[in-house]
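Residues per chain are reported as follows:
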Amino acid sequence: MYLYLGESPRTLYLVTSSQDEKRGCPARALVFRAAQGSSSQAVVEFLPKDQVDLSNAVKLTPRIVKGCLGLVSIANDMFLAVIVSATEVGNTRPSSPTPETVVQIHDVNFYCLTSPLWDDLALAGDPLATPSYGDTSDVYMREHGSGTTTPAPEHPCQSLRKIISAGTFYYAMEPQWDISSRLQRRLSRSEPWDAASYDDRFVWNEFIAKSLLDFRARLDAHERAELDQCQFIVLAIQGYVGVCTLALPAPPTNGTPIIATISLISRLGWKRSGTRFNTRGVDDDGNCANFVETETIFSTDQHCYSYVQVRGSVPLFWEQQGLQTFGQRIQITRPQGSQPAFDRHFAGLVEEYGAVHAINLLGTKENETILTAAYTRHMQIARNSVGDAIGITNFDFHNAVKYGGHESVFREVRRLEQVSDNIEKFGFAMADANTNEIITEQKGVFRTNCLDCLDRTNFVQDILSRTALETFLAHIRREWIHSGSLWSNHGELWAENGDALSRIYAGTGALNTSFTRSGKRTLGGLLSDATKSVSRAYINNFQDKGKQVAIDMFVGNLSTQRQVTIFDPIHDSVRAALENRLVEYSTTKTCTIFVGTWNLNGRPPSSESLLPWLFPRPNAPDPDIFALGFQEIVPLTAQQIVQTDPEKKRVWEAKILDTLDRRPNKKCDYILLRSHQLVGTALLVLVKKELTAVIRNVEAASHKTGLRGMSGNKGAVGIRLEYHDTTFCFLTAHLAAGHSNVLERNADYRTIVNGLHFLKGKTIDSHQNVIWLADTNYRIDLDNERVRTLALMDDFDGLLAADQLRRAIDDGEVFNGYQEGPLLFQPTYKYDLHSDNYDTGEKMRIPAWTDRILFKGNSLDLTVYSRAELKCSDHRPVFALFRAEVRIIDHAKRAALQKLLLENVTSTAPGEKLDEKLANLTFTPKEHDLPPPSSDEAAWWDDPEHPNGIMIPNIRRNGSQTRSSNPFDSSSESSLSSSPSSSEEELYHALSLQAPITPVQPPPTTTTHRRPAPPPPTRPSKPDTDKEELSLAA
């Protein structure tokens, strides 16, 4: 097929070629153009080729196009991704009734639907450009410098092109076989073949192809079959595919050798995709980093054998932050909150594969030992819910190599009792080569892991694959077990597989592959492994961040991304209706959140109880969430700034957990969900234990502001989470010190807001509810004696008038859109230790409200804002209690409502035309007709129609006019008549007041007529802050 460009309007045509038509492909064209004024909606048509006028169209590339991967919206433009170079790998099952040929992608081009700006860039030509994956390569994160030379423009899709064109993506050549599904799954399907029946765990371009698949589903059956036959839409997997054909000895009756094919297909999962140090562990849905399903296929003219294994990162919440060299630092980020995700992961594997036995290859190094202990503990708990279908074997790979060499690993793994038993128990899948009838099924899989799931894992999976294949050969042709060429090809495929998967995840080929290929270690192999280790350290630390963003862009993980949709008035109307009817398929519940901030002045916990801070209202219900921010949790010395001691944070965590556990009238247990530290700034989030299953996607991030972003003595730490379907972001910060450094504090705030990012492009403002709990360091601009006097008199208004933070907020410098509760407590800084006296030291600091809690979010309702009288630091801790509305979406109900709306839209009464029904079907969003807020220069009621706020009503001078008995009643024509009646109005009507005397209006001196006064604005109702609680809090 070929790709053409037409103008007026700009249109791309994907058209079958004469060669395609000679092979029996119908002569058709797939036509693309952008919807008017949209960078994320396309118009697509599937037309007969003779109905497309290509006389004025230009062929965009001389190369034959292999197919289309999908549509993607980037940087306010829309692009069509097409494969322009690919080579055939081989037929994985030559004896199958239908061929199953795999094609490897080598080059992909992106052509713009919305603008000609990118047409002439070198991206569309040869040779293939290979840009670096530095941070500047990412469109979303690019920050241009201020140099005098203007850099050459880079195609917005260049980083995507580099990923897809790296030789790690594959697709099926024939339209009627599914490369994403293993043999047993494909042959077990009872329903007729359909291109939409694929394993969504492994189709990497599902996000960008989704709109085209939806378009395909809306075609009638005949057109759908023709679209599939043309193969305009390609579904690709990432991983490795290798095919080897070899001759094996035949029975003596004939003498002709039997031609066998051995294939290896590794399918890398995309649902937790990413690079080595950026993506570790599990997510809340149970998806693991570097999850790969590897299938060994052995095919002859009579039988077809399939054996499946999986690998994946240890399914806990763990990560590696900072610069990583050869001594890798591991942090289990949610040690008490991993079990729900762990259970989901193994429950999904059991549902998909049957029984699962994990082989853990981690060693005795400190970091690996921590992971092994947590893995084993979680597995024991999971067996209670998942059952005996799961199990684990721990095997120290490095220790075995240390004492016996790599050869000993081969022997010892096969001798492990649980491994040998499960190889026999799980079996393998076998099908009749001619009829595709399944003879035996594989009943379970091995799940192998090491730290990266690369080198050690690939080595052991090769052993398991060979052992299982030997078992199969023992049943059909025992002499083939001793075939040297068979095992030579088998080892070569596994070595290539290890290299391919390692390049995807770590940037270099795998280690230990010299032994996998030849069965022995060589000096060349040792030197090669050393070189790869150094290369990995550089690539993973300095290049992978940009690559991670490109991967997230490809699979649709960036929060700023919009998925391309295809213009469809029916489905667009249904989508709009669903958004406006959210309350019909969702519910809300109220939760309570405790937020506290405390500058510890580098002090460790004392004997002083934390209960007055953590539970200031003994009779109040226990909070669902605690968010606690600390500043100066360690002394801000040069040594701590260079290498922070995490032990102080752990001591405070233990103190808080102990306080929560020993509190009086304990009704529930709390766990530490997540904690994070940046030198002296630390943030802890604790939740009720029963909520861990409904709190998901917990992430932490930090950003330095000290020494212009180079030092962490000042900065911020953030933790974000999703509670059911509502997002929260908690931030603790320590801003610039010094009484007069207001501008520096303002700059620190802006640096944090612009620079603190979570995974997948999420920012602070991406969240529905944001709460800052910080030592802002803003002071009070009054002399020392005056501040102390007003503080002792509780004259908070006098202090607030001179508060630097309040002035900065009023000037629009910081915290735009945020609220703060009334400051009805004395300044919290600076006190003599263990005293109620403000600073009496040499510097005699001016007291100030440095410690503050600010928030924004429609679902947040502040109930208490105060301080606690703990005296072990020179600051007093501050706390706030919030009520929050959390939304819970019932996805089954939403799907049912969507189906009902769709049926209602598409069904027509006799004589009713669908086009007319669609034209009349509009869903108007809720209008907010509030005037702009007042400012110091203008009031909302002062406009050209009402100068100085004068509103003169129209009064009729007709004496016969009947008047209402209520002077505040408005006529039915007035816009005020729609206002809800108040209790005062009802009282007036009940008493039937006598109509007042009608005032006589003097004759107008001019002919100018004023419009009637506008109705007063209606403001959204929101529960007021509990004033009684606020006053008590003082």
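About the cut-offs
- Residues numbered from 1 in each chain as written.
- Predicted model: local features only at pLDDT ≥ 70, side-chain atom pairs only at ≥ 80, totals over all residues.
- Heavy atoms only, no water.
- Salt bridge = Lys/Arg side-chain N within 4 Å of Asp/Glu carboxyl O.
- Helix = DSSP H or I, 4+ residues; strand = E, 2+ residues; numbered from the N terminus.
- Pairing = 2+ DSSP bridges.
- Axes fitted to C-alpha atoms, helices over the stretch in contact; angles between N-to-C directions.
- Parallel < 35°, antiparallel > 145°, perpendicular 65-115°, else oblique.
- Left-handed = near helix turned anticlockwise from the far one by under 90°.
- Contact = heavy atoms within 4.5 Å.
- Nonpolar A, V, L, I, M, F, W, Y, C, P; charged D, E, K, R; others polar.

1. As for the pattern of salt bridges
This structure, assessed with the given rule, holds 56 salt bridges. Here Lys 49 makes a salt bridge to Glu 21, at a shortest N to O gap of 3.0 Å. Residue Lys 49 is found in the loop between strand E4 (41-48) and strand E5 (58-59), and its partner Glu 21 is found in helix H1 (residues 18-22); the two are separated by 28 residues along the sequence. The salt bridge involving Asp 194 is made with Arg 216; its shortest N-O contact spans 3.1 Å. Within this pair, whereas Asp 194 is found in the loop between helix H3 (183-187) and helix H4 (206-217), its partner Arg 216 is found in helix H4, the two being separated by 22 residues in sequence. What emerges from the salt-bridge pattern is a single network uniting Arg 182, Arg 185, Asp 199, Arg 201, Arg 267, Glu 293, Glu 295 and Glu 352.

2. Quick look at the pairing of strand E7 (residues 77-91)
Within a regular beta strand, the side chains point alternately toward one face of the sheet and then the other, so they alternate between its two faces. Two strands pair when backbone bridges link them, and strand E6 (residues 67-74) and E7 are joined in this way by seven bridges, in the antiparallel orientation. Bridging from a neighbouring strand, Gly 67 pairs with Ile 83 of E7. Connecting E6 to the antiparallel partner E7 that follows it, the hairpin turn spans two residues, and Ala 75 within it adopts a positive phi of roughly 55°. As paired elements, E7 and strand E8 (residues 101-112) share 11 bridges and run antiparallel to each other. What sits directly across from Asn 91, in E8, is Thr 101.

3. Things to note about the packing of helix H10 (residues 455-476) against helix H11 (residues 484-506)
At a minimum axis distance of 10 Å, the contact between H10 and H11 shows a crossing angle of 150°. Of the possible angle classes, the one that applies to H10 and H11 is roughly antiparallel. Note on packing geometry: the crossing formed by H10 with H11 is right-handed. Between H10 and H11, the residues in contact are Asn 458, Gln 461, Asp 462, Ser 465, Arg 466, Leu 469, Glu 470 and Leu 473 and Leu 486, Trp 487, His 490, Trp 494, Asn 497 and Gly 498, respectively. Here the residues of the contact of H10 with H11 are counted per class, giving five nonpolar, six polar and three charged.

4. Overview of unusual backbone geometry
With glycine set apart, most residues show a phi of negative sign, and most peptide bonds adopt trans. Note that the residue after Ser 8, namely Pro 9, is joined by a cis bond; omega there is -5°. Within the secondary structure, Pro 9 is located in the loop between strand E1 (2-6) and strand E2 (11-15). The omega torsion of the bond from Tyr 829 to Lys 830 falls at 0°, within 30 degrees of zero and hence cis. The residue Lys 830 is located in the loop between helix H22 (804-810) and strand E30 (851-856) in this model. Unlike most non-glycine residues, His 724 shows phi in positive territory, near 55°.

Just distances and angles here, no functional claims.
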